[in-house]
Amino acid sequence: MRTESEHTIYLKDYAPTPYRIVSADLDFRIREEATRVRAQLTIEPRPGTEPGTPLVLDGDELKLDSIAMDGAPMVLSAYTSDANGLTLVEPPPRRFVLETEVTLKPEANTRLMGLYRSGGTWCTQCEPEGFRRITYYLDRPDILAPFKVRMTAPRSLAPILLANGNLLEQGDAGEDMHYAVWEDPFPKPAYLFALVAGDLGSITDSFTTMSGREIALAIYCAHGKEDECHYAMDSLKRSMAWDERRFGREYDLDVFNIVAVSDFNFGAMENKGLNIFNDRLVFAKPETATDANYHGIERVIAHEYFHNWTGNRITCRDWFQLCLKEGLTVYRDQEFTSDERSRPVQRIHDVQNLRTNQFPEDGGPLAHPPRPDNYREINNFYTTTVYEKGAEVVRMLATLLGEAGFRKGMDLYFERHDGEATTIEAFLKVFEDANGVDLAQFGIWYTQAGTPQVDVTDSYDAASQTYTLTLAQKVDPTPGQAEKQPLLIPVRFGLIGPNGSPMGWTGVSGGEVRDDLILFDRASVTLTFTGIASRPVPSLFRGFSAPVKVTSNLGQEQLLFLARHDSDPFNRWDALQTASTALIADAARGKDWSGTDIDALRQALLDTLDDPGLDPAFKAQAIAIPAATVVARHIGHDVDPDAVAAARKRLMTAMVGPVAERLEAKYRALSSSEPYSPDAGQAGRRSLRNGLLGLLVAGSDRGAPLATAQYTGAANMTDRYAAMAIAAHYWTGDAQAILGDFRTIHAGDPLVFDKWLTASAQAPDDRVVERMRAILAAPDFPRTNPNRLRSLLGPFVMSNMVQFARKDGAGFRFITEAVAEIDRVNPQVASRILTGFRILPILEPARRDKGREALAALRDREGLSRNVADILDRLLA
Ligand code: ARG
Ligand code: ZN
């Protein structure tokens, strides 16, 4: 029934609208039963528009109550309206005011796009196409207008009335009603519109900007949760100061408000002056939030705040340019966290995330470039490729230009494009102009999908004291892109001598090398270094200078040498990961390791643990054994998840067995009675201790009782959750009892319930699917709340490979059946869960077939959303 071309939108078809919106005046009359929205839009034709050109406004599930032009009701023949919008057949060839009225039912809006209710609070989500569910509009990011918003609501239900910008006036509106008028002087696209009306508590603070302006800050939340908002407020103030210091960016309105809501489709939203957050990224107290939660709050508060300049003041011309604001803003939030915490630890964290989530996307049926050139459903392009690979591309730009050159380009970007809706081309141009460079080849990173594969070989000639290094790059075909072009890959590197110290060279030829940076811009390059007295070990892609996969001829011995001696902490970590991934992958394919390999790897881990100069947070990352999904990707085809899990467990047993006592002593030595603080130092020690617990549970009999004891005795959620998650993951004898206990003691807090759901979904035992079905089917399961659904189903599809990809197909069927149900309530949540099936191509054929069968059965259902249909068609293509 569906055809390939149905509703596909192409970048090449971009054209400005014939009309523009000069200003938007909105009047919301909010009542329990329904909300009336009156919009007065001042509209004019753009110069050159043919008189009589129809005006097509977007609308989605709207019902038009009245329509007037310049104050007079419009006759029926002057407009048409249908499910997708409102068309003025022949608007006047001059400026005019269009007034429409619609009635909304926020209560019934379970898709959580447009105006909806969360816990009684009226709130909005408009990015990317939610505003058209509020009123008829040119709902696209290149239509910028100043907004004025009047809201009237029952005082008892909604004493708090918020919208974008500054508060102009508020007062009584008779009976139980009151009103507020907000004005946002900065022209903005409709996706940045927001409004909140509800009975909320708050905390307030203030920030003095670098030019001495005082900004009033507030975080609004459910009553009783105020105490849990302080870390978010602290993060906000640090973000504001950082953006001034690092990028010279000052905040521009008099107020900055954040609202935490419980029902939200993703993390948070950067609406101008009124950020709306998923409450899981605001609320934190030691008894209910983990260190990872604190870290996430800090990051996302910063991310949304940074959007004020990269996103709001300068926005996207069209949704194909999404990474213009998202990739850049993720880069900025990563930099913020690096400056606030530890740069190497943050880098490892971000790369781990990229490899676990983005590489699988880029190497499977859903691969697309950071800037795609077509889509059927834009909501399916808020992806890790757009966000995280987008950030990697910006980071490479900073690497190529150097810190000063990058800053010059950013300054020019803000100067040249402030107030505009622009493109990736314009973004690259500012760096070219500010630095006098040509970025044409570099720009391919934005338009080409797939993770480049870099093969490294080297050789040494003692007689001539020359060292040669050959790099070859290739990208496998991705959907819609069979041919790939060579990329400009920045390779930060060093050569390490036999004694572990850096080695210099007298000359290098064969390619472009600037200090410690190779500009690798061809299919292959062979560099010859002269003046090399002995054979070096190369340390390549230091700091993960490019988002590529590397295969090299380095053996385990050289990897462990790097793990000990590299001056680059990222590569020390990476060498250990590469070494253990290779061992597990070999074992999973039936090629067993030698005892000496294991002994050497164990010794390297112990040396890392014993090194007094290393940060505990780094040690925790260094001793982490690669996740089964990462090993599966490394194997790349015909993967048997059971074999991978068993090999991983066997490696851990072989590693830990002989030194379990020592590891346990280290674990015990790290216990602490300090009062909890979320700071990076304490969090790092906890993560090391919990990392040791994981090793002990997986690799020795000593672990399980330690996990149980830690669970029972934990003084904070970080330790309690870690103990539960580890017990569940390795399915210890007490796992079921621990899960049962956690459920009862934390039944009252939804965000803690989410932790239970996530830990439950990690269980590798054969009855997990059955248990998850029961959890979902329980009459009181909040099946319209995205956090609950995602906490249970997300980790299952993304990391419980053994049970999701079961041989009998029961894991696949469970998910497709759940997706079909969720789709009727919230298509965005449904399609996101479905993306877990991107793993199918690397599985062994029998499992792959079971997966495709489940997908095909889903596709046979009636009435699937465009969100789900789009993902399904790409998975099955
Ligand atoms: N712009 C928001 C952010 O990155 C996220 C909006 C996500 N929208 C979506 N449809 N998935 O901070
Ligand atoms: Zn963002």
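Bear in mind that the values here come from a model prediction, so they are computed numbers and not experimental data. (Residues numbered from 1 in each chain as written. Chains lettered and ligands numbered in written order. Predicted model: local features only at pLDDT ≥ 70, side-chain atom pairs only at ≥ 80, totals over all residues. Heavy atoms only, no water.)

A count of helical and extended segments in the chain gives 26 helices and 35 strands. Taking the principal axes of the C-alpha coordinates as reference, the chain spans close to 90 × 65 × 60 Å. A separation threshold of at least 6 residues defines the contact pool for the chain, and within that pool the share at least 24 residues apart is 71%. When the accessible area of the chain is evaluated, it comes to approximately 32,800 Å², of which 51% is carbon and sulfur surface. Charge-centre separation for the chain: the mean point of 96 positive side chains lies 2 Å from the mean point of 119 negative side chains. (Helix = DSSP H or I, 4+ residues; strand = E, 2+ residues; numbered from the N terminus. Contact = heavy atoms within 4.5 Å. Areas by Shrake-Rupley, 256 points an atom, 1.4 Å probe, with all protein chains shown as cover. Lys, Arg positive; Asp, Glu negative; His and termini not counted. Charge placed at Lys NZ, Arg CZ, Asp CG, Glu CD.)

In this section: the coordination of the zinc ion (ligand 2). Protein-derived coordination of the zinc ion (ligand 2) comes from His303 (NE2), His307 (NE2), Glu326 (OE) and Glu326 (OE), at a distance range of 1.9 to 2.8 Å. Each of the six donor atoms around the zinc ion (ligand 2) contributes to a set of angles spanning 46 to 160°, which defines the coordination as irregular. Counting gaps between the donor residues of the zinc ion (ligand 2) yields the pattern H-x3-H-x18-E. Pair noted here: His307 is in the loop between α2 (291–306) and β22 (315–316) and Glu326 is in helix α3 (residues 322–340), with a separation of 19 residues, a long-range link. Taken individually, His307 and Glu326 each receive the classification buried, so the pair is uniform in this respect. (Donors = N, O, S within 2.8 Å, 3.2 Å for Na, K, Ca; no water. Tetrahedral: all angles 85-135°; square planar, octahedral: opposite > 155°, others 65-115°. Buried < 20%, exposed > 50% of the residue type's maximum accessible area, 1.4 Å probe, protein only.)

Next up on the list: the sheet that holds strand β10 (residues 114–118). Read from one edge to the other, the open sheet built from four strands follows the order β10-β11-β16-β13, with strand pairing classed as antiparallel. Of all the strands in the sheet, just β10 and β13 (160–163) have a single pairing partner and so form its edges. The sheet shows a mean angle of 20° between the axes of neighbouring strands, direction not considered. (Pairing = 2+ DSSP bridges. Axes fitted to C-alpha atoms, helices over the stretch in contact; angles between N-to-C directions.)

The final tally for this structure, using the stated rule, is 83 salt bridges. Two residues, Lys12 and Asp13, come together in a salt bridge whose shortest N-O distance is 3.7 Å. Taken individually, Lys12 and Asp13 each receive the classification exposed, so the pair is uniform in this respect. Here Asp808 ties to Arg806 by a salt bridge, and the two come within 2.7 Å at their closest N and O atoms. Residue Asp808 is classed as partly exposed on the basis of its relative accessible area of 36%. A relative accessible area of 15% places Arg806 in the buried class. A cluster of three or more residues bridged by salt bridges with shared partners is formed by Asp234, Arg238, Arg245, Glu298, Glu340 and Arg341. (Salt bridge = Lys/Arg side-chain N within 4 Å of Asp/Glu carboxyl O.)

A separate point is the packing of helix α9 (residues 569–588) against helix α11 (residues 616–623). Working note: a packed helix pair is described by the angle between its axes plus the distance between those axes. α11 packs onto α9 with a crossing angle of 25° between their chain directions and a minimal axis gap of 8 Å. Relative to α11, the element α9 lies roughly parallel. In contact with Pro569, Arg572, Trp573, Leu576 and Gln577 of α9, α11 contributes Phe618, Gln621 and Ala622. Residues of the contact of α9 with α11, tallied by class, amount to five nonpolar, two polar and one charged. (Parallel < 35°, antiparallel > 145°, perpendicular 65-115°, else oblique. Nonpolar A, V, L, I, M, F, W, Y, C, P; charged D, E, K, R; others polar.)

Okay, the nonpolar core next. In this structure, Phe28, Tyr137, Met151, Phe193, Phe427, Phe442 and Ile489 are the most contacted members of the largest nonpolar core, which totals 171 residues. Apart from residues lying up to four places away in sequence, Phe427 is in contact with Leu324, Leu328, Val394, Leu397, Met410, Tyr413 and Tyr446. One finds Leu554, Leu688, Phe742 and Val752 within the second-largest nonpolar core, a separate group that totals 123 residues. (Core = buried A, V, L, I, M, F, W, Y, C linked by side-chain atoms within 4.5 Å.)

What follows is about the sheet that holds strand β29 (residues 502–503). Strand order in this open sheet of three strands is β29-β28-β34, and the pairing throughout is antiparallel. With one partner strand each, in any of the chains shown, β29 and β34 (537–539) form the two edges of the open sheet. Both strand β28 (residues 494–496) and β34 contribute to a ladder of three bridges, which runs antiparallel. Its bridge partner being in β34, Ile496 is matched across the sheet by Val537. Lying over the sheet, helix α8 (residues 556–565) contacts β28 and β34, oriented at roughly 60° with respect to β34.

Before going further, it helps to examine helix α10 (residues 595–610). The end-to-end C-alpha separation of α10 is 22 Å, in line with the 22 Å expected for 16 residues at 1.5 Å each. Listed in full, the buried residues belonging to α10 are Ile598, Leu601, Arg602, Ala604, Leu605, Leu606, Thr608 and Leu609. The elements touched by buried residues of α10 are α8, α9, α11, α13 (641–656), α14 (660–669) and α15 (680–699). (Expected span 1.5 Å × (residues − 1).)

Moving on, we get to the site of ligand 1. Taken together, 15 residues lie around ligand 1, and Glu127, Glu270, Glu304, Asn379 and Tyr387 are the ones closest in. Measuring from an oxygen atom of ligand 1, one finds a backbone N or O atom of Ala268 at 3.4 Å. In the environment of ligand 1, an oxygen atom lies 3.4 Å from a nitrogen or oxygen atom belonging to the side chain of His303. Protein coverage of the free-state accessible area of ligand 1, which is 350 Å², stands at 95%. (Near = heavy atom within 4 Å. Polar contact = N/O pair within 3.5 Å; in protein donor to acceptor, adjacent residues only side chain to side chain.)

Once that is clear, we can look at the environment of Val454. Mapped onto the elements, Val454 comes out in strand β25 (residues 453–461). Classification of Val454 by relative accessible area gives buried; the value is 0%. Through-space distance from the C-alpha of Val454 to that of Val261 is 44 Å; in sequence the pair is 193 residues apart. Residues within four places of Val454 in sequence aside, it is in contact with Leu471, Ala472, Gln473, Ile489, Phe520, Phe541, Val548, Lys549, Val550 and Thr551.

Moving on, we come to unusual backbone geometry. Between Glu127 and Pro128 the backbone carries a cis peptide bond, its omega angle lying at -5°. If you trace the backbone, Pro128 turns up in the loop between β11 (121–125) and β12 (145–154). For Leu112, which is not glycine, the phi dihedral falls at a positive 60°. For Leu112, the position within the fold is in the loop between β9 (96–104) and β10. The buried category is assigned to Leu112, whose relative accessible area is 5%.

Tallying each qualifying case throughout the model produces 41 aromatic pairs. With 4.9 Å between their ring centres and 85° between their planes, Phe131 and Tyr137 make a pair best called edge-to-face. The pair Phe131 / Tyr137 is uniform in exposure class, with both members buried. Ring centres of Phe812 and Phe837 lie 5.5 Å apart, and the angle between their planes is 35°; this geometry places the pair in the tilted category. Of this pair, Phe812 sits in helix α23 (residues 810–825) while Phe837 sits in the loop between α24 (827–834) and α25 (845–859), and the two are 25 residues apart along the sequence. Classification of Phe837 by relative accessible area gives buried; the value is 1%. In textbook terms, an aromatic cluster arises when at least three aromatic residues are bridged by ring pairs, as seen for Trp242, Phe247, Tyr251, Phe256, Tyr305, Phe306 and Phe336. Sitting over the ring of Tyr667, Arg689 keeps its end group 4.4 Å from the ring centre. (Phe/Tyr/Trp six-rings, centres within 6.5 Å; stacked < 30°, edge-to-face > 60°. Lys NZ or Arg CZ within 6 Å of the ring centre and 35° of its normal.)

Cysteine pairs can be linked by a disulfide, which is a covalent bond between their two sulfur atoms. Under the counting rule described, the total for this entry stands at zero disulfides. Between Cys126, a free cysteine, and Cys123, which holds the nearest cysteine sulfur, the sulfur-to-sulfur gap is 10 Å. You can call Cys126 buried: its relative accessible area is 0%. Of all cysteine sulfurs, the one in Cys229 lies closest to Cys221, which takes part in no disulfide; the gap is 3.8 Å. (Disulfide = S-S within 2.5 Å.)

Counting all residues, the mean pLDDT for the chain is 97, and 99% of those residues have values of 70 or more. In this model residues 1–5 is a low-confidence stretch, pLDDT under 50, and it forms four contacts with partners more than four residues away in sequence or in other chains. Scoring of the predicted complex yields 0.98 for pTM and 0.97 for ipTM. (pLDDT = per-residue confidence, 0-100.)

Attention shifts here to the packing of helix α21 (residues 786–799) against α23. Orientation of α21 relative to α23, taken along the N-to-C sense of each, is 145°, at an axis distance of 11 Å. For the pair α21 and α23, the sense of crossing is left-handed. For the pair α21 and α23, contact is made by Leu789, Leu793, Phe796 and Val797 and by Gly811, Phe814, Ile815, Ala818 and Ile822, respectively. Looking at side-chain class alone, the contact of α21 with α23 contains eight nonpolar, one polar and no charged residues. (Left-handed = near helix turned anticlockwise from the far one by under 90°.)

For the rest of this paragraph, the subject is α25. Given a rise of 1.5 Å per residue, 15 residues ought to cover 21 Å, and the 21 Å separating the end C-alpha atoms of α25 matches this to within 8%. Every buried residue of α25 is accounted for by Arg847, Gly851, Ala854, Leu855 and Leu858. The buried residues of α25 occupy one face: seen down the axis, they fall within an arc of 95°. Buried-residue contacts for α25 involve α13, α23, α24 and α26 (866–876). (Arc of directions from axis to C-beta.)

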